Every structure is written in C-alpha cells, then in structure tokens.
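The chain contents come next:
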Amino acid sequence: MRKLLLLVLAILMSFGLQRSYSANITQYCYIPPIAGQWIKPNVLIVMDFSGSMQFPAYVPCDFDGYISRVAQCRTSIATSSDSWRYKTSETYYGYFDPNKCYTYNVSLGAFQENNSCDCSNKIGTSTCISGNLLNWITTTRIDIARWVLTGGRTRSIGGNTVLESEGARYTINDDNLKCKFEITPNNTTDRRLTISNYNGTCPISPISNANIKIRPSDPSSIKGIIHSFCDTSDPNGIISEKCQLIMEFMVFAGDTRFGEIRAGKNDTISHLIYVINNETPYHGTPTGEALWEAYDYYRQINDKPYESNTVYINRRNGEVDPYYDRIGGNDIPVPCRKSFVLLISDGAWNRSVDPVVPARVMATDDLRLDLPGKQNVYTYVVYTFGDEDPGIALQGRQAMITTAIFGGFQDNDGNEWPYPFTNIQYPDGYGICSALESTVRTDIQTTTTTYCNSRGILYPLPQCNPSGTSSTTWDSQCAEWDTAFNSLQDGLPYNFYEANDAPALRSALISILTDILYHASSGSGATVATLTSRT
C-alpha cells in the first residue's frame, strides 16, 4: 500500500503539483536575475530502435530474419500449457480499448468501436471482437512504447484520425480459441490481420486482410507521457519553453544509426512526437556507441566516430547547447544545470562498445571544462521486454543493471568506481567473450572477480546481496548505488527500472522524470528515489 500511495503521489506531481512543492525549497539553482526562474534539468532520451522492437508484445517471435526491413517471426502454436496463451482474466494494453468491442469498417479501412455488442467474455461474438483480444494478438513492443510516450502513432484517413500499428510478420495458431491469427505486413506500418478457423470453430467471424488501424472514439484522448510533462495546448510550442524538463531525443539501431539525435531542445513538441512515432525499428543494438554520442552531445564536441549530429552540436549556442539558454537574444551559460540520460532498451547490446564505459565517463568526468563547476551526467535505465531467448534476456538485463550502476553511483569513497568494481581493463575492447554472443571483451574487475563484460555480471552481486544469511553479504559500500538517495535496499541500483508491459513502462517513466525534477529543484542534489517503485 505504501508503494501504491507513493506512486500515486509521483503521478500527481507529473501533472504539475511539483511546482507548488518546489516553491518551498530555498536552494534553487538560478540563471542570471534577468530570467528569475529555477533551472530546468536536461534529459536526453536515448531509445532503442533495434529490430526486436518490431516483435509482438504478448505472443512469441521465433525470429527468422528480415524481408524488406520487416521482422519475420515463424508460426507459433498456443496450447493450454503455454504461459503466453490468451487469458480472458488478464488485461492486455495497446491501441485498442481492452474493455470495448470492435468491428472492422471496410470502407474506412480501420477497426472502430461497436457499443451494440457485448464483449464481457473478453473474446467477442460472431459480429464483434474484444479489444483485449485484439491487443493480445496485434500489439508490438514499439506500439507499447509509443502508446506510453506519445499516445501512439497516428495518421489521417479520409479526415479521420486512426492509430497505426507497426511491426513484425507472424502467425499464431491458437488451439484454445480454435482460431488462426495471421499478421501479414506489406511493410512495417502496413500490417494486416486475418482470422480463420484452426482445429475447430473460431468463435469470431472470419476476417481477411484487415488493416491494423484503429479509429478511436475520441482522438483528443491520444496522449502519453510527453503530454503529462509538457504543455501541449500549442503543439508548435518549443520543448525548452513548454516542457517541465528540457528534452532531446536520440535513437540507436544497428543499421548505422549509432546514436542519431532526432529532436533537440529548440524543436517543437509536435516534432518530438512525430520523430518518436515515425522512427522504424530495425537491426542490432549499439547501446554503447549511442551513449558515446550522448557524451559528445553534452560536451558539444564531435569527438567520437559513430555519428556527427552536427545540427545539434554548437557550443555556447543557447538553442542547441544543453548548458546554455538563449534569453533576450543572448546566449547565457547555465553551468549548474543538472543533466541526465534516460536509456530505454529491450535487448542486450551487441556491437563493439560496452555501454558501462561511456556511462561511467559521463558520471565521473567534468564534461565541460569551459564552464565553472563540474558538469557530469547521470544515466537512468529502463529495461523493457527483453530478448525472446531467456539466456540473452538475462544477459541484457545484467548489462542494463551494470550500466545503471556505473552511470549513476554516488562516489562516497572518492575512487571514481562503484563498489565493488575497481577497474575496466579494456575500455576500448580487446578480444571477444565467446559465452556472451561473442561480444567485445572489456574485463570489468572487482578485487576478487573479473567479468568478461557487462552482459556476464550476475545480480545480486555476492558483496551486495540483501537477502543473504550472513551480515557480510551486503557491504555498506553498496550504498553508493543500491540505497543511494534513500532508495530501497534490494541489490539493484536506484536508477534501474524494468517494465514488461504498458502500465509498468508508464509508471517507470513517470517515476524517473518526477525523480529528476526533484533532483533539479534540490540544492543538495539529492533525489527522492523512495517515491518510486522500480518494477
């Protein structure tokens, strides 16, 4: 109950209540008196658009490569023993309202609500289909991410606003419902649904080649996290002016998108929403390369070779530089601005850079020697969905936990390493880790153990296991990242979140952004991670 109440508080604050709270804090970080306002934090959202984001959110993908950039998932059979089978007792979130009935409007080319049907069985009738069932079979990972962030990808058809699904090809033969569900995209955004009988009679009337597009009853309800933290009454409002946090948006994928900035602080809110909704998921997961490009952005120097991002790098330009604001035509330095990376990913990194390396550098180094004080960047991590292969999924989770530890620890002992880690022997990589999908070897060291790279570090660490039977299994130095900023002692870093469905992802993002707002408004720099629930 306590976690629920605290999470409700965090959600309420995301709708503006944090401003009245912040007004009582005396130690603000001000820019020169001509502005007279507290300094908004800067958050660079770094989001994974690798091919696995095309995978279905609720049913399996037996991956078989790509055709025309569309992920190909082999046929799967749902039986009564499968944990992922459709369950009428569960709620599946997506573009369809799980509590409504839908019919397919052939002339419109989209599904629409039908209030004359009864879908209380969460399956449907001979004339209607439950939105819950449609979410289960059609929703993809990128659909969930967009639904949470922006409300969803939209387009106009004949003057009507429709939500548009994007993702993979797959077939589910459901031996429980006796239905065959076929998803057959012509491209990632032109997905079609066919429903027919399988080993019996499907309770839903057959549907052939129906567009997976949804006409909502109220288009104004299409809202996400962006709408909670930004004033979207004017979609052409500038991000740095109309949002509670200054936000930029970077994407990464293995098809040469190694950390490309798509939206900057001086772009409009409508542009931010557009780029989130229109980036295509495809190929591998260069997480480390993207974090080096985040490092370049905050330094405002093109140092790393992966991307140029020239449009968004112009040191001392208040319309681009995260440590400058343009006020009255003048570019004013803001050296006390607190800055963050929000990393969102669903898979294990698989390129040539271990992400813990740039995450640690951003957290410990002074990134702007041209400014007074120390400008460092902390990284928050959201691990979503994970790989279809349980072993790879575990490695991905381990890498994301380690990235959070190295990217956000409190350096209580002043050695610039999060306890119990003491060194990264090969920060630039040397050789491969054959047991970890032949990813690059970095040799992350503690006083007793050397781990090949961040994908191979098991949690909880033996030195930081709060559930151990001996008092020596949780060393007080683990507080550098486990109980930092008054977070719970659970063997996980305060800045690591994981989400396997839409409500969990929404809660994680609200918690993180609320936490960052507190961090920015506090003169002491302390967060209130006790307000959050990490899973």
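Here is what the cut-offs are and how they apply
Residues numbered from 1 in each chain as written. Predicted model: local features only at pLDDT ≥ 70, side-chain atom pairs only at ≥ 80, totals over all residues. Heavy atoms only, no water. Helix = DSSP H or I, 4+ residues; strand = E, 2+ residues; numbered from the N terminus. Contact = heavy atoms within 4.5 Å. Areas by Shrake-Rupley, 256 points an atom, 1.4 Å probe, with all protein chains shown as cover. Disulfide = S-S within 2.5 Å. Buried < 20%, exposed > 50% of the residue type's maximum accessible area, 1.4 Å probe, protein only. Pairing = 2+ DSSP bridges. Polar contact = N/O pair within 3.5 Å; in protein donor to acceptor, adjacent residues only side chain to side chain. Phe/Tyr/Trp six-rings, centres within 6.5 Å; stacked < 30°, edge-to-face > 60°. pLDDT = per-residue confidence, 0-100. Axes fitted to C-alpha atoms, helices over the stretch in contact; angles between N-to-C directions. Parallel < 35°, antiparallel > 145°, perpendicular 65-115°, else oblique. Left-handed = near helix turned anticlockwise from the far one by under 90°. Salt bridge = Lys/Arg side-chain N within 4 Å of Asp/Glu carboxyl O. Core = buried A, V, L, I, M, F, W, Y, C linked by side-chain atoms within 4.5 Å.

(A) Here's a closer look at the overall build of the protein chain. In terms of regular secondary structure, the protein chain is built from ten helices and 26 strands. By sequence separation, contacts in the protein chain at least 24 residues apart represent 65% of the contacts at least 6 residues apart. In the structure as shown, the protein chain presents an accessible area of about 20,500 Å², 48% of it carried by carbon and sulfur atoms.

(B) View of the environment of Thr 232. Residue placement: Thr 232 occurs in the loop between helix 4 (225-229) and helix 5 (239-242). Considered as a pair, Thr 232 and Lys 242 are ten residues apart in the sequence and their alpha carbons are 7.6 Å apart. With residues near it in sequence (within four places) discarded, Thr 232 still touches Ile 226, His 227 and Ile 269.

(C) Layout of the state of the cysteines. In total, this model carries seven disulfides according to the counting rule given. A disulfide bridge connects Cys 101 with Cys 119, and the sulfur atoms are separated by 1.9 Å. Because the sign of the S-S torsion sets the handedness, a value of about 135° for the bond joining Cys 101 and Cys 119 places this disulfide among the right-handed ones. Of the two residues, Cys 101 is situated in strand 5 (residues 101-105) and Cys 119 in the loop between strand 6 (110-113) and strand 7 (129-130); the sequence distance between them amounts to 18 residues. For the pair Cys 101 and Cys 119, a shared accessibility class is recorded, and that class is buried.

(D) Summary view of the sheet that holds strand 24 (residues 444-446). Spatially, the three strands line up as an open sheet ordered 21-24-25, and their pairing is antiparallel. Each end of this open sheet is capped by a strand with a single partner; those strands are strand 21 (421-424) and strand 25 (450-451). Sheet topology note: the strand 21/strand 24 ladder contains three bridges and is antiparallel. Bridge pairing in strand 24 links Asn 423 to Gln 445.

(E) Spotlight on helix 2 (residues 131-138). Most of helix 2 is tucked away: eight of the eight residues are buried. Buried within helix 2 are the following residues: Gly 131, Asn 132, Leu 133, Leu 134, Asn 135, Trp 136, Ile 137 and Thr 138. Structurally, the start of helix 2 carries an N-cap: the backbone nitrogen of Asn 132 is 3.0 Å from a side-chain oxygen of Ser 130.

(F) Region of interest: the sheet that holds strand 14 (residues 213-215). Ordered by their spatial adjacency, six strands build an open sheet running 7-5-6-14-9-8, and the pairing between neighbours is mixed. Each edge of the sheet is formed by a strand with only one pairing partner; in this case those strands are strand 7 and strand 8 (154-157). Of the strand pairs in this sheet, strand 5 and strand 6 are connected by four bridges, and their pairing is antiparallel. Bridge assignment links Thr 103 to a residue of strand 6, and that residue is Gln 112.

(G) Layout of unusual backbone geometry. Note the cis peptide between Tyr 419 and Pro 420, where omega equals 5°. Structurally, Pro 420 is set in the loop between helix 9 (390-408) and strand 21. The step from Tyr 459 to Pro 460 runs through a cis peptide bond, and the omega angle for that step is 5°. One can find Pro 460 in the loop between strand 25 and strand 26 (496-499).

(H) Summary view of the packing of aromatic side chains. Tallied over the entire structure, the rule returns 22 aromatic pairs. Taken together, a centroid distance of 5.6 Å and an interplanar angle of 80° make the contact between Phe 96 and Phe 111 edge-to-face. Note that Phe 96 is positioned in the loop between strand 4 (76-78) and strand 5 and Phe 111 in strand 6, a separation of 15 residues in sequence. Just as Phe 96 is buried, Phe 111 falls in that class too. Judged by centre distance (6.1 Å) and plane angle (80°), the ring pair of Trp 136 and Phe 181 falls under edge-to-face. Taken together, the residues span a long stretch of sequence, with Trp 136 in helix 2 and Phe 181 in strand 11 (residues 179-183) at a distance of 45 residues.

(I) Fine view of the confidence of the model for the protein chain. Looking at the protein chain, pLDDT values average 91 and 90% of them are 70 or higher. Scored below 50 in pLDDT, residues 1-36 makes 57 contacts in the model with residues more than four places away or belonging to other chains. Considering only residues more than four positions removed or in separate chains, one finds that residues 524-533, a stretch of pLDDT under 50, has 32 contacts.

(J) How the structure looks around helix 8 (residues 356-364). Along helix 8, nine of the nine residues are buried, which leaves the element largely enclosed by surrounding structure. Among the structural elements, helix 7 (287-299), strand 19 (339-345), strand 20 (377-384), helix 9, strand 21 and strand 24 are those in contact with the buried residues of helix 8.

(K) Here's a closer look at the packing of helix 7 against helix 8. For the pair helix 7 and helix 8, the least separation of the axes is 8 Å and the interaxial angle reads 20°. Taken together, the axis directions place helix 7 and helix 8 in an arrangement best described as roughly parallel. At the point where helix 7 passes helix 8, the crossing takes the left-handed sense. Residues Gly 288, Leu 291, Trp 292, Ala 294 and Tyr 295 of helix 7 pack against Val 357, Pro 358, Ala 359, Val 361 and Met 362 of helix 8.

(L) Quick look at the pairing of strand 16 (residues 257-263). By the criterion of burial, strand 16 is predominantly enclosed, with six of the seven residues buried. As consecutive antiparallel partners, strand 15 (residues 246-253) and strand 16 are separated by three residues, and within that stretch Thr 256 has a phi angle of approximately 75°, a positive value.

(M) Focus on the pattern of salt bridges. Here the structure, examined in full by the defined rule, presents 30 salt bridges. A salt bridge links Lys 304 to Asp 303; the nearest nitrogen and oxygen atoms lie 3.8 Å apart. Residue class for Lys 304 comes out partly exposed when judged on its relative accessible area of 22%. For Asp 303, a relative accessible area of 43% puts it in the partly exposed group.

(N) Here's a closer look at the nonpolar core. If you look at the biggest cluster of nonpolar residues, it comprises 88 residues, and the most contacted ones within it are Trp 136, Met 247, Phe 249 and Leu 342. Counting residues per element, this core draws most heavily on helix 10 (residues 502-521), at ten residues. The contact partners of Met 247, leaving out residues within four places of it in the chain, are Val 43, Ile 45, Ile 226, Cys 230, Ile 239, Gly 264, Lys 265 and Leu 272.

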